[in-house]
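The residues making up each chain are set out below.
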Amino acid sequence: MENCMQLLIHQVMHLYLQRSIHLLKDLNIHPGQCGMLWALNQHDGVSQKELASKMRITPPSITVMIRKMEMEKLIEKYQDEKDQRITRIYITEKGRKIAERMDLVLKQMEKEAFANMSEEEIVLLQRLLFQVRENLISGDKG
């Protein structure tokens, strides 16, 4: 049972998520919100549709996340001035400050997760995870 790949992946995901929740607790954000804050901190004012695509989240899921983060004053949304059908999402000053602190927390998380691994092993793991992700995306389309 210990060699079961699915069980190992599940355990790693669970432990990573639990540790992330613990480290992000002081920022009052959930690990799922990190991706949106990071994306908006890099490219503020993207459309809701673009944000969902970048984060690989379904439109209904992104709508729920936006609503919660808007209530917490982390983001704001506005209709596009030129095309009223488009909703643009902006990070607030509060969201930007949390994103800066979040970067430090996520660096700590990576340091813990990849302790005792060489730089080459980390690069290889990243490449393998990208390949697994692409395989799963391709499998979803087929």
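Preceding block: the structure.
The following refers to the structure shown. Residue numbers restart at each chain and count upward from 1, following the sequence in its written direction. Restriction of local features to residues with pLDDT of at least 70 applies here, the model being predicted, together with a cutoff of 80 or more for giving and counting side-chain atom pairs; totals for whole chains, interfaces and linings are based on all residues. Heavy atoms from the whole structure form the basis of all side-chain values; hydrogens and water molecules are not counted.

## Side note on the nonpolar core
Part 1: Only buried residues count toward a nonpolar core, which is a set of Ala, Val, Leu, Ile, Met, Phe, Trp, Tyr and Cys residues joined through side-chain atoms within 4.5 Å. Partly exposed residues are those whose accessible area sits between 20% and 50% of the maximum for their type, while under 20% is buried and over 50% is exposed, using a 1.4 Å probe and protein chains only. Ile 29, Met 36, Leu 37, Leu 40, Leu 51, Ile 75 and Met 102 are the most contacted members of the largest nonpolar core, which totals 26 residues.
Part 2: Within the residue set of this core, elements represented by two or more residues are helix H1 (5–24), helix H2 (31–42), helix H3 (48–55), helix H4 (59–71), strand S3 (87–91) and helix H5 (93–113).
Part 3: Whether two residues are in contact is decided by their heavy atoms: any pair within 4.5 Å suffices. If near-sequence neighbours (up to four positions away) are discounted, Met 36 is found in contact with Leu 51, Met 55, Ile 62, Met 65, Ile 66, Met 69 and Ile 75. In DSSP terms, a helix is any run of H or I states spanning at least four residues, a strand is any run of E spanning at least two, and both are numbered starting from the N terminus.

## Topic: the pairing of S3
Part 1: Burial of the side chains of S3 is restricted to one face: Thr 87, Ile 89 and Ile 91 are buried, whereas none of Arg 88 and Tyr 90 on the reverse face is.
Part 2: Where strand S1 (residues 46–47) lies against S3, two bridges are found, and the strand directions are antiparallel. For Ser 47, the partnering residue across the bridge sits in S3 and is Arg 88.
Part 3: Following DSSP output, two strands are said to pair if at least two bridges run between them. Bridging between strand S2 (residues 75–79) and S3 involves five bridges; their strand directions are antiparallel. Its bridge partner lying in S3, Glu 76 is registered against Tyr 90.

## A word on the packing of H2 against H5
Part 1: Lines fitted to C-alpha atoms define the axes, with helix axes restricted to the stretch in contact, and inter-axis angles between N-to-C directions lie between 0 and 180 degrees. Remark: H2 packs on H5, axes separated minimally by 10 Å, with the N-to-C direction vectors making an angle of 115 degrees. In terms of orientation, H2 lies roughly perpendicular with respect to H5. Judged by the twist between their axes, the crossing of H2 over H5 is left-handed. Side by side, H2 and H5 meet where Cys 34, Leu 37, Trp 38 and Asn 41 of the first sit next to Gly 95, Arg 96, Ile 98, Ala 99, Met 102, Asp 103 and Leu 106 of the second.
Part 2: A per-class count over the contact of H2 with H5 returns seven nonpolar, two polar and two charged. Oblique is the label for any angle not covered by the other classes, which are roughly parallel (under 35 degrees), roughly antiparallel (over 145) and roughly perpendicular (65 to 115). Take the far helix as your reference; a near helix turned counterclockwise from it by less than a right angle gives a left-handed crossing, and one turned clockwise gives a right-handed crossing. Any residue outside Ala, Val, Leu, Ile, Met, Phe, Trp, Tyr, Cys, Pro, Asp, Glu, Lys and Arg is labelled polar, Gly included; the first ten of those are nonpolar and the last four are charged.

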